[in-house]
Structure formats: structure tokens, C-alpha cells
Amino acid sequence: MFNHALDQTVKKLKAQLANILTLVNLSLGGYAIIAIINNQLNLGLLLIFLAALADRFDGIAARKFNCESELGKQLDSMSDIISFGVAPALLLYQGLLVQFGAPGTFFAVFYISCGAFRLARFNISENNGYFTGMPITVAGCLATFSFLFIPHAHPIFFLCLIILLSLLMVSPFTFKKV
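Nothing here was measured: the structure is a model prediction, and the numbers come from that model. Numbering of residues starts from 1 in each chain and follows the order in which that chain's sequence is written. The model is predicted, so local features are restricted to residues of pLDDT at least 70 and side-chain atom pairs to those at 80 or more, both for listing and for counting; the totals for chains, interfaces and linings are taken over all residues. Heavy atoms throughout the structure, all of them, feed into the side-chain values; hydrogens and water do not.

(A) Representation of the overall build of the chain. Numbering of helices and strands runs from the N terminus; a helix is a DSSP stretch of H or I covering at least four residues, while a strand is a stretch of E covering at least two. Across its full length, the chain carries 6 helices and 2 strands. When its helices and strands are written in sequence order, the chain yields α-α-α-α-β-α-α-β. Here the C-alpha coordinates of the chain stretch approximately 65 × 35 × 25 Å along the principal axes. Sorting the 178 residues of the chain into buried and exposed places 40% on the buried side. Each residue's exposure class comes from its accessible area (1.4 Å probe, protein chains only) as a fraction of the maximum for that residue type: buried when under 20%, exposed when over 50%, partly exposed otherwise.

See below:
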């Protein structure tokens with residue numbers, strides 16, 4: 001009887017592991033936003049990269065344990081808009097784009113909007129081995145990584161980068177799934 005209960009518990013945990021990792025991604029993204037608001041930009045950067053690791057492993061877990069679901073897909077998208085949309089946009093905004101005033105604010109919000117559009121488009125598309133538009137996780141990691149170069153690059157570079165990443169997310173270009 002104990003072995004049966006243990007087996008059932010392990011099965012349930014395996015079935016929910018991907019969703020748990022997705023919620024870890026979401027939590028890290030939320031914590032990153034709070035850190036960034038509190039002007040702890042380096043902590044925010046670290047938390048976004050940790051969220052990316054959790055995001056990578058949730059997909060691996062879902063495929064390995066054959067527990068991919070519509071709920072998991074939607075939850076993943078909601079987590080991704082927080083961790084790779086809002087958090088990186090806020091990081092660049094607080095770190096540099098704020099000095100551009102209204103245009104900096106507009107393009108930070110534009111990036112988030114393009115990321116949300118990209119995720120919504122992905123959720124209604126067929127899985128054919130390709131992404132249409134740059135995945136928000138890639139754009140978010142590139143935007144976050146660029147934060148490290150703020151002392152070394154001209155501020156216009158970052159404004160152009162966030163515009164480029166925004167447009168790539170909603171572009172018709174295809175990217176092979178890895």
C-alpha cells in the first residue's frame with residue numbers, strides 16, 4: 001500500500017514538474033521586477049537569467065515526462081511575458097532608457113507589447129518546428145545581456161536595440177526551434 005501511494009505521488013510530481021518550473025520562471029521574473037523597481041538592477045539581471053534557466057528546463061521536463069498541455073502552454077506564455085517582456089524592458093528603462101524621457105518610455109512599453117503579441121501569435125499557431133518572429137525568451141535574454149554594456153556603448157545603441165528586438169519579435173521571419 002505504501003509503495004502504491006509513493007508511486008502515485010511520484011507520478012503526480014512528474015506530471016506537474018513542468019508547471020512547477022514554469023511557476024519558478026514566473027516567480028523569478030516577478031522578483032526581478034521588484035528588484036529593478038528598488039534600483040537593484042544587477043540583482044534584477046541575475047534573476048532574469050535564472051528565469052531563463054527555469055524556462056529552458058520546463059520545456060525539457062514537459063517533453064521528457066510527456067506532460068505537455070494546453071494549460072502548460074498558456075502558463076508558460078504568461079510567465080514569459082513577465083520574465084522576458086516586462087522585466088528586461090524595465091531593466092533597460094531603469095538602467096538607461098529613462099534618460100530619453102517619453103520616447104524611452106514608449107519604446108520600453110512597445111517592446112512589452114510586441115512580446116505579448118508574439119506570445120499570443122505563438123499560442124494560436126501550429127507547431128511546425130519553426131518560430132515565426134524572434135522568441136521572446138531570446139529577445140529578453142539579449143536585452144538583459146545588453147545591460148552589461150551600458151558603460152561601454154552609446155545610449156542610442158540601446159534605444160535602437162530595443163526597437164530592433166521589438167520588431168524582430170513581430171516579424172514574419174522564421175527561427176528554427178532548438
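(B) Representation of the environment of Phe107. Checked against the element boundaries, Phe107 lands in helix 4 (residues 102–123). Phe107 sits 34 residues away from Cys141 along the chain, and the two C-alpha atoms are 17 Å apart.

(C) Structural context of the packing of helix 2 (residues 41–64) against helix 5 (residues 136–146). Two elements in contact, helix 2 and helix 5, have axes separated by 10 Å at closest approach and are oriented at 155°. Between helix 2 and helix 5, the angle falls in the class roughly antiparallel. Our pair here, helix 2 against helix 5, has a crossing hand that is left-handed. On helix 5, the residues that touch Leu45, Ile48, Phe49, Ala52 and Asp55 of helix 2 are Thr137, Cys141, Thr144 and Phe145. The classification used treats Ala, Val, Leu, Ile, Met, Phe, Trp, Tyr, Cys and Pro as nonpolar, Asp, Glu, Lys and Arg as charged, and all other residues, Gly among them, as polar. In terms of residue class, the contact of helix 2 with helix 5 is made up of 6 nonpolar, 2 polar and 1 charged. For helices, the axis comes from a line fit to the C-alpha atoms of the stretch in contact; other axes are also lines fit to C-alpha atoms, and the angle between any two N-to-C directions lies between 0 and 180 degrees. These descriptions rest on fixed angle ranges, namely under 35 degrees for roughly parallel, over 145 for roughly antiparallel, 65 to 115 for roughly perpendicular, and the rest for oblique. The sense of a crossing depends on the near helix, which, turned anticlockwise from the far helix by less than a right angle, makes the crossing left-handed and, turned clockwise, makes it right-handed. What makes two residues a contact is simply this: any of their non-hydrogen atoms within 4.5 Å.

(D) Broad picture of helix 3 (residues 70–95). Along its 26 residues, helix 3 runs 36 Å from first to last C-alpha, staying within 8% of the 38 Å computed at 1.5 Å per residue. A residue's bend is given by the angle between axes fitted to the 7 residues ending at it and the 7 residues starting at it. Along helix 3, the largest kink reaches about 30° and is centred on Asp80. Expected helix span is given by 1.5 Å per residue-to-residue step, counting one fewer step than there are residues.

(E) The arrangement of the environment of Leu71 in detail. Assignment of secondary structure puts Leu71 in helix 3. Between the C-alpha atoms of Leu71 and Asn19, which are 52 residues apart in sequence, the distance is 8.7 Å.

(F) Broad picture of the packing of aromatic side chains. Any two rings among Phe, Tyr and Trp, with Trp reduced to its six-membered ring, count as a pair given centres within 6.5 Å; such a pair is stacked if its planes are under 30 degrees apart, edge-to-face if over 60, and tilted if neither. Within the structure shown, the criterion is met by 6 aromatic pairs. Plain terms: the ring middles of Phe106 and Phe110 are 5.9 Å apart, the flat faces sit at 15° to each other, and that makes the pair stacked. Here Phe110 and Phe106 lie together in helix 4, a separation of 4 residues that amounts to about one turn. For Phe110, a relative accessible area of 25% gives the class partly exposed. An aromatic cluster of at least three residues, connected via ring pairs, comprises Phe106, Phe107 and Phe110.

(G) Expanded view of a nonpolar patch on the surface. A cluster of nonpolar side chains, namely Leu46, Leu50, Leu53, Phe57 and Ile60, defines an oily patch on the protein surface of about 440 Å² accessible area. Residue Leu46 is classed as partly exposed on the basis of its relative accessible area of 46%. Residues forming no salt bridge and having over 30% relative accessible area are the ones grouped into patches, like charges within 9 Å of each other and nonpolar side chains (Val, Leu, Ile, Met, Phe, Trp, Tyr) within 5 Å. The Shrake-Rupley method, run with a 1.4 Å probe sphere, supplies the accessible areas, and residue values consider only the shown protein chains as cover. When a carboxyl oxygen of Asp or Glu is within 4 Å of a side-chain nitrogen of Lys or Arg, the pair counts as a salt bridge.

(H) Quick look at the packing of helix 4 against helix 5. Interaxial distance between helix 4 and helix 5 falls to 10 Å at its minimum, and their mutual angle equals 155°. For the element pair helix 4 / helix 5, the angle class is roughly antiparallel. Mapping the contact onto sequence places Tyr111, Gly115, Arg118 and Leu119 in helix 4 and Ile136, Ala139 and Gly140 in helix 5. Across the contact of helix 4 with helix 5, the residue classes tally to 4 nonpolar, 2 polar and 1 charged.

(I) The arrangement of the side chain of Asn123 in detail. Its place among the elements puts Asn123 in helix 4. Side chain to side chain, Asn123 and Gln74 meet in a polar contact 3.3 Å long. Ignoring sequence-local partners within four residues, the contact set of Asn123 consists of Lys73, Gln74 and Ser77. Polar contacts, as counted here, are pairs of nitrogen or oxygen atoms within 3.5 Å of one another; within protein the pair requires one atom able to donate a hydrogen and one able to accept it, and residues that are adjacent in sequence qualify only if both atoms are side-chain atoms.

(J) Molecular detail of the side chain of Asp76. Tracing the sequence through the fold places Asp76 in helix 3. For the buried residue Asp76, which engages in no salt bridge, the nearest side chain bearing the opposite charge is Arg63, 8.7 Å off. Ignoring anything within four residues of it in the chain, the contact list for Asp76 reads Thr22, Asp55 and Asp58. Note that His is not counted, nor are the chain ends; the positive residues are Lys and Arg, and the negative ones are Asp and Glu.

Don't take any of this as a statement about function, it's just geometry.
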